[in-house]
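Commentary on secondary and tertiary structure
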Amino acid sequence: TSGDYSTILPFISAQMLGCFTGAILVYIHYGPYWKVTESQDAKLACFSTSPAIPHTWSNLFSEIIGTFILVMGVGAIFAGDLADGLPPFLVGGVVWGIGLSLGGTTGYAINPARDLGPRIAHAILPIAGKGSSRFDYSWIPVVGPLIGGLLAGLFMLAFPVF
């Protein structure tokens, strides 16, 4: 319900745990490949996002835009009276569209847990020759989506068409 924030911490915890658990499954699935893959970047890319061109403000802006579009799209989808089962399909289409159009710059985390949980897993799992988990970059796919989501929420409050 509107104004009830009691589920925020459990929701964030569940997302982080889910992403971390998913990363462990990736680790197990690719087990035989870790020893034969030489590229540290390729190994990290199985777990977290990375910019095509490292440029702090451009990378941050990309994550803000992607998350803004995601939140606006989800808001529009769930504001309508659609058939059961259709909204999740449409949300998937929005995520796919964001990936196709904006994903090349940063890998489009568009959710802090999607990048941070697996990045932490990469840091602690015993992956052969893994290299750095790039925590110097990790704040961008966390802060960018938080800003993008906040801006979208404020936009929807200012223009209540949903």
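Residues numbered from 1 in each chain as written. Predicted model: local features only at pLDDT ≥ 70, side-chain atom pairs only at ≥ 80, totals over all residues. Heavy atoms only, no water.

Here we come to the overall build of the protein chain. When its secondary structure is counted, the protein chain shows seven helices and zero strands. Of the regular secondary structure in the protein chain, the N- to C-terminal order runs α-α-α-α-α-α-α. Taken along the three principal axes of its C-alpha coordinates, the protein chain extends 55 × 35 × 30 Å. Across the 162 residues that make up the protein chain, the buried fraction comes to 30%. In the structure as shown, the protein chain presents an accessible area of about 9700 Å², 71% of it carried by carbon and sulfur atoms. Side chains of the protein chain give 6 positive and 8 negative charges; the mean places of these two sets differ by 16 Å. (Helix = DSSP H or I, 4+ residues; strand = E, 2+ residues; numbered from the N terminus. Buried < 20%, exposed > 50% of the residue type's maximum accessible area, 1.4 Å probe, protein only. Areas by Shrake-Rupley, 256 points an atom, 1.4 Å probe, with all protein chains shown as cover. Lys, Arg positive; Asp, Glu negative; His and termini not counted. Charge placed at Lys NZ, Arg CZ, Asp CG, Glu CD.)

So, about the packing of aromatic side chains. Going through the model one piece at a time under the given rule, you end up with five aromatic pairs. Note on Tyr-30 and Tyr-33: the rings are 6.1 Å apart at their centroids and 70° apart in plane angle, and the pair reads as edge-to-face. Note on Tyr-30: relative accessible area 34%, which makes it partly exposed. Ring centres of Trp-34 and Phe-47 lie 5.6 Å apart, and the angle between their planes is 25°; on these two criteria the pair is classed as stacked. Here Trp-34 is found in helix H2 (residues 31-34), whereas its partner Phe-47 is found in the loop between helix H3 (40-45) and helix H4 (56-79), with 13 residues between them in sequence. Exposure class is identical for Trp-34 and Phe-47. Each is buried. Counting every residue linked through ring pairs, the aromatic cluster contains Tyr-30, Tyr-33, Trp-34 and Phe-47. (Phe/Tyr/Trp six-rings, centres within 6.5 Å; stacked < 30°, edge-to-face > 60°.)

Inspection of the secondary structure puts Ile-147 in helix H7 (residues 140-158). For the pair formed by Ile-147 and Ile-69, sequence separation is 78 residues and the distance between their alpha carbons is 12 Å.

With that settled, the discussion passes to the packing of H4 against helix H5 (residues 86-106). Two numbers describe how H4 lies on H5: the axes approach to 10 Å, and their chain directions differ by 165°. Taken together, the axis directions place H4 and H5 in an arrangement best described as roughly antiparallel. Taken as a pair, H4 and H5 cross one another with a handedness that is right-handed. Between H4 and H5, the contacting residues are Asn-59, Ser-62, Glu-63, Ile-65, Gly-66, Ile-69, Leu-70, Val-74, Ile-77 and Phe-78 on the first element and Pro-87, Leu-90, Val-91, Val-94, Val-95, Ile-98, Leu-102, Thr-105 and Thr-106 on the second. (Axes fitted to C-alpha atoms, helices over the stretch in contact; angles between N-to-C directions. Parallel < 35°, antiparallel > 145°, perpendicular 65-115°, else oblique. Left-handed = near helix turned anticlockwise from the far one by under 90°. Contact = heavy atoms within 4.5 Å.)

Let us look at the pattern of salt bridges. In the structure shown here, the tally under the stated rule is two salt bridges. Across the pair Asp-115 and Arg-119 runs a salt bridge, and its minimum N-O distance is 2.9 Å. Within this pair, Asp-115 and its partner Arg-119 are both found in helix H6 (residues 112-124), separated by four residues, close to a single helical turn. Classification of Asp-115 by relative accessible area gives buried; the value is 0%. A relative accessible area of 0% places Arg-119 in the buried class. (Salt bridge = Lys/Arg side-chain N within 4 Å of Asp/Glu carboxyl O.)

Moving on, we get to H5. One turn of an α-helix holds 3.6 residues; hence residues three or four places apart share an orientation. With 21 residues, H5 extends 29 Å between its outermost C-alpha atoms, agreeing within 8% with the 30 Å of an ideal straight helix rising 1.5 Å per residue. At Leu-100, H5 shows its maximal kink, close to 50°. All of the buried residues along H5 are Pro-87, Val-91, Ile-98, Gly-99, Gly-103 and Thr-106. In the core, the buried residues of H5 are packed alongside H4. With its phi angle positive at about 90°, Gly-107 sits one or two positions after the end of H5. (Expected span 1.5 Å × (residues − 1). Bend = angle between axes of the 7 residues up to and from the residue.)

Here we take up the environment of Ser-138. With respect to the element layout, Ser-138 can be found in the loop between H6 and H7. Here the alpha-carbon distance between Ser-138 and Gly-75, two residues 63 residues apart in the chain, equals 27 Å. For Ser-138, the contacting residues outside a window of four places in its chain are Asp-115 and Arg-119.

This brings us to the side chain of His-122. Secondary-structure assignment places His-122 in helix H6. Once you skip the residues sitting within four places of it in the chain, His-122 turns out to touch Lys-43, Leu-44, Phe-47, Ile-127, Lys-130, Gly-131, Ser-132 and Ser-133.

These figures come from the coordinates and say nothing about function on their own.
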